[in-house]
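For reference, the chains in residue letters:
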Amino acid sequence: MSSETEIRAFRVDMPGEAIADLRRRINATRWPERETVTDDSQGVRLAMMQELASYWGSDYDWRKCEARLNDLPQFMTGIDGLDIHFIHVRSQHQDALPLIVTHGWPGSVIEQLKIIEPLTNPTAHGASAADAFHLVIPSLPGYGFSAKPAGTGWDPARIARAWVVLMKRLGYTRFVAQGGDWGAAVTQAMGIQAAPELLGIHSNMPGTAPAEINTAVQRGDPPPPDLSAEERRAYEQLSNFYAKHVAYAQIMTTRPQTLYGLADSPADLAAFVLDHGDGTGQPGLVEQALQGHPVGDLTRDDILDNITLYWLTNTGVSSARLYWENKADFFDAKPITIPFAISVFPDELYQVPRSWAERAYPHNLIHYNRLERGGHFAAWEQPDLFATEMRASFRSLR
């Protein structure tokens, strides 16, 4: 291998001065006045932000997250002129299936830490050795510890090609892929490109909407009268997303460089990340976790680990540029013909109707399941359910 394509070991070691500076900035936050409503309709509420900042600027310990990351095999390698960070955990089971899992925004590899053990070591989690995976979890370009693109062109399609290069560089000649949020866009791009080594894909936020539906929800049209109850609910969820929820994405899609506050103010970064929300609203399930009502396995420290990673790597703006780069819709059906598995979590931005999934992928839908728990950050919130879905989704492709 050349020096660029060499796979190099990587460890996290953030300078103590950077952590001290973060605390100083949190504690020096100049707060605005309180919102003039009693709900989240104006954005992330002041009381919650101040309570979070009080803990973040005093008792929160980033070094615990750093130690957890450093307990895992982490690497860096150059692909298409850019250093890509990734976690690579091989199963002890010889016939494990290689799986690449891609995070989204405002996520990171921290979202996937809880699924590593159940997927690579299934026999310790009540599953069969035949369901084991070798796991690769990369950081998207401009996110986490991956390098920040210095030029344009790193859209989901280019990232998808890079992921195939990564898997082949690791020696995998057959593998599967999974993703939600931007991870869904990248994984579905991999599905469209259909590299011969890629056996199939899975998404928990798949594009399935018929073309006429995808256009209508963005225009704000009323639902067509011939929709089933399940389809009508999905239509209303997508309409609500485009009418009320998508502002965070629009500013990143059009003016990512303007978001200087993400690099200069921890409070601004945290509020912007939290306002992403899910199918329950904005901030959604993460707000419940921050108020001391854990959502599945998601905790306050999990949320702060992820936000702190964005801060310490100064990737608020560089991660936002992926929205500017992207030219494809999220929710429309894609021209994918390789095996496609879909899991529908109840608190995702929209619940995919089975009819849309079957219409979009009539010959290659290998798994469709509706879960009872879990939202937009399914691997983070419900790692055991998520792992079970991975095993079921790809069992037929082994």
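Nothing here was measured: the structure is a model prediction, and the numbers come from that model.

(A) Structural context of the environment of D80. With respect to the element layout, D80 can be found in the loop between β2 (74-79) and β3 (82-89). For the pair formed by D80 and R161, sequence separation is 81 residues and the distance between their alpha carbons is 9.5 Å. Residues in contact with D80, not counting those within four places in the same chain, are E4, W154 and R158.

(B) Quick look at the pairing of strand β4 (residues 97-102). Counting buried positions along β4 gives 6 out of 6 residues, so the element sits mostly inside the fold. On β4, burial covers both faces: L97, L99 and V101 on one face and P98, I100 and T102 on the other are all buried. Note: β4 against strand β5 (residues 133-138), 4 bridges, orientation parallel. Across the sheet, the residue bridging to L97 is F133, located in β5. Between the parallel pair β4 and β5, the chain is carried across by helix α4 (residues 113-120), and the sense of this crossover is right-handed. When β4 meets strand β6 (residues 175-179), the two strands line up parallel, connected through 4 bridges. Bridging from a neighbouring strand, I100 pairs with A177 of β6.

(C) The arrangement of empty space enclosed by the protein in detail. Going through the model one piece at a time under the given rule, you end up with 3 cavities of 30 Å³ or more. A volume near 110 Å³ is recorded for the largest cavity. In terms of lining residues, the largest cavity is bounded by 14 residues, among which E111, Q112, G180, N204 and H376 are the most central. The class makeup of the residues in the lining of the largest cavity is 4 nonpolar, 8 polar and 2 charged. The calculated volume of the second largest cavity comes to roughly 80 Å³. Lining the second largest cavity, in full, are P106, V273, L274, H276, G277, V286, I303, N306, F377 and W380. Elements supplying a minimum of two residues to the lining of the second largest cavity: α11 (266-274) and α13 (300-313).

(D) View of the packing of aromatic side chains. The full count for this structure, using the stated rule, is 18 aromatic pairs. Judged by centre distance (6.3 Å) and plane angle (75 degrees), the rings of Y143 and Y310 are edge-to-face. Placement of the pair is Y143 in the loop between β5 and α5 (156-169) and Y310 in helix α13, with a sequence separation of 167 residues. An aromatic cluster is built from W105, W182, F241, Y242, Y248, F272, Y323, F330, F331 and Y350, whose rings are joined through pairwise contacts. The ring of W324 has K327 lying over it, and the distance from NZ or CZ to the ring centre is 5.2 Å. Its end group placed over the ring of F133, R398 keeps NZ or CZ at 4.5 Å from the ring centre.

(E) Representation of the pattern of salt bridges in the model. Taken as a whole and assessed by the stated rule, the structure comprises 18 salt bridges. When the shortest N-O distance is used, the salt bridge between K168 and E197 registers 3.5 Å. Separated by 29 residues along the polypeptide, K168 in helix α5 and E197 in the loop between α6 (182-193) and β7 (198-203) bring together distant segments of the chain. K168 gets classed as partly exposed once you look at its relative accessible area, which sits at 45%. Judged by its relative accessible area of 15%, E197 falls in the buried class. The shortest N-O distance in the salt bridge between E358 and R354 comes to 3.6 Å. With a gap of 4 residues between them, E358 and R354 both fall in helix α15 (residues 354-360), about one helical turn apart.

(F) Structural view of the packing of α4 against helix α17 (residues 383-394). Taken N-terminus to C-terminus, the directions of α4 and α17 make an angle of 45 degrees; their axes are 9 Å apart at the nearest point. By the angle between their axes, α4 is oblique relative to α17. Read as a crossing pair, α4 and α17 show a hand that is right-handed. Of α17, the residues touching α4 (which contributes K114, I115, P118 and L119) are P383, F386, A387, M390 and R391. Of the residues that constitute the contact of α4 with α17, the class distribution is 7 nonpolar, no polar and 2 charged.

(G) Looking closely at the environment of L365. You can see L365 is positioned in strand β9 (residues 365-370). Judged by its relative accessible area of 21%, L365 is partly exposed. L365 has contacts with F340, I342, A357 and E358, leaving out every residue within four places of it along the chain.

(H) Main features of α5. Taking 1.5 Å as the rise per residue, α5 with 14 residues should run 20 Å; its terminal C-alpha atoms sit 20 Å apart, in good agreement. Within α5, 10 of the 14 residues are buried, leaving the element largely enclosed by the surrounding structure. One or two positions beyond α5, positive phi appears at G171, with a value near 95 degrees.

(I) Structural view of the sheet that holds β7. Taken in spatial order, the 9 strands make up an open sheet running β1-β2-β3-β5-β4-β6-β7-β8-β9, and their pairing is mixed. Each of the sheet's edge strands pairs with one partner strand only, and the pair in question is β1 (8-9) and β9. Taken together, the 3 bridges between β7 and strand β8 (residues 340-344) define a ladder with parallel strand orientation. Note that in β8 the partner of I201 across the bridge is F340. The strands that α5 touches are β2, β3, β4, β5 and β6; relative to β2, the one it contacts most, it runs at about 120 degrees.

(J) Up close: unusual backbone geometry. The omega torsion of the bond from W105 to P106 falls at 5 degrees, within 30 degrees of zero and hence cis. Along the chain, the position of P106 falls in the loop between β4 and α4. Omega for the peptide link from Q282 to P283 comes to 0 degrees, which places this bond in the cis form. Here P283 is to be found in the loop between α11 and α12 (285-290). At D181, a position not held by glycine, the phi torsion is positive, near 55 degrees. Structurally, the position occupied by D181 is in the loop between β6 and α6. On the accessibility criterion, D181 (8% relative accessible area) is buried. At A194, a position not held by glycine, the phi torsion is positive, near 50 degrees. Relative to the assigned elements, A194 resides in the loop between α6 and β7.

Quick notes on the rules
Residues numbered from 1 in each chain as written. Predicted model: local features only at pLDDT ≥ 70, side-chain atom pairs only at ≥ 80, totals over all residues. Heavy atoms only, no water. Helix = DSSP H or I, 4+ residues; strand = E, 2+ residues; numbered from the N terminus. Contact = heavy atoms within 4.5 Å. Buried < 20%, exposed > 50% of the residue type's maximum accessible area, 1.4 Å probe, protein only. Pairing = 2+ DSSP bridges. Right-handed = clockwise from strand over helix to strand, strands pointing away. 1 Å grid on protein atoms, 1.4 Å probe; cavity = no way out; pocket = protein on both sides within 12 Å on 5 of 7 lines; lining within 4 Å. Points joined across faces, edges and corners; volume = space filled by probe spheres on them. Nonpolar A, V, L, I, M, F, W, Y, C, P; charged D, E, K, R; others polar. Phe/Tyr/Trp six-rings, centres within 6.5 Å; stacked < 30°, edge-to-face > 60°. Lys NZ or Arg CZ within 6 Å of the ring centre and 35° of its normal. Salt bridge = Lys/Arg side-chain N within 4 Å of Asp/Glu carboxyl O. Axes fitted to C-alpha atoms, helices over the stretch in contact; angles between N-to-C directions. Parallel < 35°, antiparallel > 145°, perpendicular 65-115°, else oblique. Left-handed = near helix turned anticlockwise from the far one by under 90°. Expected span 1.5 Å × (residues − 1).

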